[in-house]
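# Working through the structure, step by step
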Amino acid sequence: MPRSVRVKGRRYCVGVDGYTLLPMTKQILILPPHDLWPAWTGVPPVDAEDRELPYRLLSSRGYPHRRIDTFGRPWNPAAGSAPILHALDPLRALRVLLFGRRSAVVVCNFESSALVLLLLRRLLRFRAKVVVIDVGGLGWRLRRLIQDRVVPRADAVLVYSEHQAAIVRATWPGTRRVWAVLAQVDCRFFRQAEDCPAGPVLAIGDDASRDYATLLQAAEGLGHPVVIRTRQVLPATLPPDVTVLAQGLPMDAYRDLVASSAIVVLPLHPTSTPGGVSALVQAMGSGKAVVVSASPGIAEYVRDGEDGLIVPPHDPAALRAAILRLLGDDALRLRLATAARRSAEQRFSYEAWARQLEAVLDEVAAVSLHPGRSP
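Here's a quick rundown of the structure. Quick caveat: nothing in here was measured; it's all calculated off a predicted structure.

Bringing the packing of helix H1 (residues 53-60) against helix H12 (residues 350-366) into the picture now. The geometry of H1 relative to H12 is characterised by a closest axis approach of 9 Å and an angle of 55° between their N-to-C directions. Considering the angle they form, H1 stands oblique to H12. Relative to H12, the crossing made by H1 is right-handed. Residues Leu53, Pro54, Tyr55, Leu57 and Leu58 of H1 form the contact with H12, whose participating residues are Tyr350, Glu351, Trp353, Ala354, Leu357, Glu358 and Leu361. Here the contact of H1 with H12 is composed, by residue class, of 10 nonpolar, no polar and two charged.

Below, the structure is given as structure tokens:
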């Protein structure tokens, strides 16, 4: 967290170089739904995922940041419950409304982090803009109730695909600004891995977007080891070459698992949100050839035949053919793996994410609140 100093009556933030003074008028507050990164001071350890890096880059470009985590019990009544409730945290919202008044923008991860803030900001004359990142799907009634109160009131909403952005605009026509941005990966932590043709075909993910039933059909008689890292409950009887890892893994062990794989497969149900996008960009950052189902929310991340292979959803034969094609063609696998790493560096890296977010903050911070609108 950058420290601040007062010079001739004005408060400045000390930049990441330790010398540059940045005006505090452009400060951003970050409200995560839970601890998104460890509470280290300064630069993290050498071999750790550095999720704060984009915000340190923004600090060096004139947007000093401060993270305000959720409270625990008893101050946060929903602490330890489902993330959507845990993140509501009314006391944290009041802390921001009363003591964050000098900030330019409040960045809220997920909609529930912004609910109390947006409902009370007119009453308390809170002028900072509110940006919501990563709105969830529409299927859960409680989430939809929160979204109906948050999305139209937010000064900007950021989602991870153009497909989802179109859904947000259609569902809440009064939304002020909706941007599609790309998911991000720490390309220093997820490094270029070696080609491992004897490694397993790896599938990753716990959420409902994963279509492991199709993968299990495709894996029948494949003759190559398949590893599925998931907490989902899969059939008791699995094809002979399939192994399920149900336990969670530390991030370094997870990275090493990806690095040891031959290819990474993301079998997906078609969904409005880009399910699987984090695992996808992490695999691409690791320089692995990927096979992904053509879910609408994920289509803009992979260019078929250039940096991965795309197959129709719910099609075991097509998925099996793509897997066998990559396992049997070393030149193709290496070409796609190299292109995947290049895409990660150019489009999904934390540096690229900082540039996207900076452009959003520049526009949002420059626009006044709409005078006739209900915040």
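Moving on, we come to the pattern of salt bridges. The tally for this structure, following the rule as stated, stands at 18 salt bridges. Residue arginine 333 is joined to aspartate 330 by a salt bridge in which the shortest nitrogen-to-oxygen separation is 2.9 Å. Placement of both arginine 333 and aspartate 330 in helix H11 (residues 330-348) is noted, with a separation of three residues, approximately one turn of the helix. When salt bridges that share partners are traced, they join Asp47, Arg191, Arg255 and Asp256 into one network.

So, on to the sheet that holds strand S6 (residues 105-109). Sheet strands pair by backbone hydrogen bonding; their relative direction is either parallel or antiparallel. Reading across the sheet, the six strands line up as S5-S4-S6-S7-S8-S9 and stay open at both edges, with parallel pairing between neighbours. Strands with a single pairing partner mark the edges of an open sheet, and in this sheet they are strand S5 (65-67) and strand S9 (178-180). When the angles between neighbouring strand axes are averaged without regard to direction, this sheet yields 20°. Across three bridges, the pairing between strand S7 (residues 129-133) and strand S8 (residues 156-159) is parallel.

Turning next to the side chain of serine 209. Examined against the element boundaries, serine 209 turns out to sit in the loop between strand S10 (201-204) and helix H7 (212-219). Serine 209 sits in the buried class, given a relative accessible area of 5%. At a separation of 3.0 Å, a polar atom in the side chain of serine 209 contacts the side chain of arginine 210. When near neighbours in sequence (up to four residues on either side) are disregarded, serine 209 contacts Pro267, Leu268, His269, Thr271, Gly275 and Gly276.

The strand order S12-S11-S10-S13-S14-S15 describes an open sheet built from six strands, whose pairing is parallel. The strands lining the two open edges of the sheet, one partner per strand, are strand S12 (242-245) and strand S15 (309-311). Direction aside, the axes of adjacent strands within the sheet are offset by 20° on average. Running at roughly 140° to S10, helix H8 (residues 251-259) makes contact with S10, strand S11 (226-229), S12 and strand S13 (263-266) of the sheet. In this fold helix H10 (residues 316-328) packs onto S10, S13, strand S14 (290-293) and S15, with an angle of close to 160° to the strand it touches most, S15.

What follows covers the pairing of S8. Here S8 shows two buried faces, one formed by Ala156 and Leu158 and the other by Val157 and Val159. You can see the chain leave S7, run along helix H5 (residues 141-150) and come back into S8, and the turn it takes is right-handed. Handedness of the crossover joining S8 and S9 through helix H6 (residues 162-171): right-handed.

Before going further, it helps to spend a moment on the packing of aromatic side chains. For any pair of aromatic rings, the description rests on two quantities: the centre-to-centre distance and the angle between the ring planes. The full count for this structure, using the stated rule, is four aromatic pairs. Ring plane angle 85° and centroid distance 5.2 Å describe the contact between phenylalanine 189 and phenylalanine 190, whose orientation is recorded as edge-to-face. Here phenylalanine 189 falls in the buried class, since its relative accessible area comes to 3%. Ring geometry for phenylalanine 190 against tyrosine 254: centres 6.1 Å apart, planes inclined by 80°, an arrangement best described as edge-to-face. Of this pair, phenylalanine 190 sits in the loop between S9 and S10 while tyrosine 254 is found in helix H8, placing the two residues 64 residues apart along the sequence. Judged by its relative accessible area of 0%, phenylalanine 190 is buried. In textbook terms, an aromatic cluster arises when at least three aromatic residues are bridged by ring pairs, as seen for Phe189, Phe190 and Tyr254. When the ring centre of tyrosine 63 is taken as origin, the NZ or CZ atom of lysine 26, which lies over that ring, is 4.3 Å away.

Thresholds, definitions, all that
Residues numbered from 1 in each chain as written. Predicted model: local features only at pLDDT ≥ 70, side-chain atom pairs only at ≥ 80, totals over all residues. Heavy atoms only, no water. Axes fitted to C-alpha atoms, helices over the stretch in contact; angles between N-to-C directions. Helix = DSSP H or I, 4+ residues; strand = E, 2+ residues; numbered from the N terminus. Parallel < 35°, antiparallel > 145°, perpendicular 65-115°, else oblique. Left-handed = near helix turned anticlockwise from the far one by under 90°. Contact = heavy atoms within 4.5 Å. Nonpolar A, V, L, I, M, F, W, Y, C, P; charged D, E, K, R; others polar. Salt bridge = Lys/Arg side-chain N within 4 Å of Asp/Glu carboxyl O. Pairing = 2+ DSSP bridges. Buried < 20%, exposed > 50% of the residue type's maximum accessible area, 1.4 Å probe, protein only. Polar contact = N/O pair within 3.5 Å; in protein donor to acceptor, adjacent residues only side chain to side chain. Right-handed = clockwise from strand over helix to strand, strands pointing away. Phe/Tyr/Trp six-rings, centres within 6.5 Å; stacked < 30°, edge-to-face > 60°. Lys NZ or Arg CZ within 6 Å of the ring centre and 35° of its normal.

Interpretation in functional terms is not warranted from these geometric data alone.
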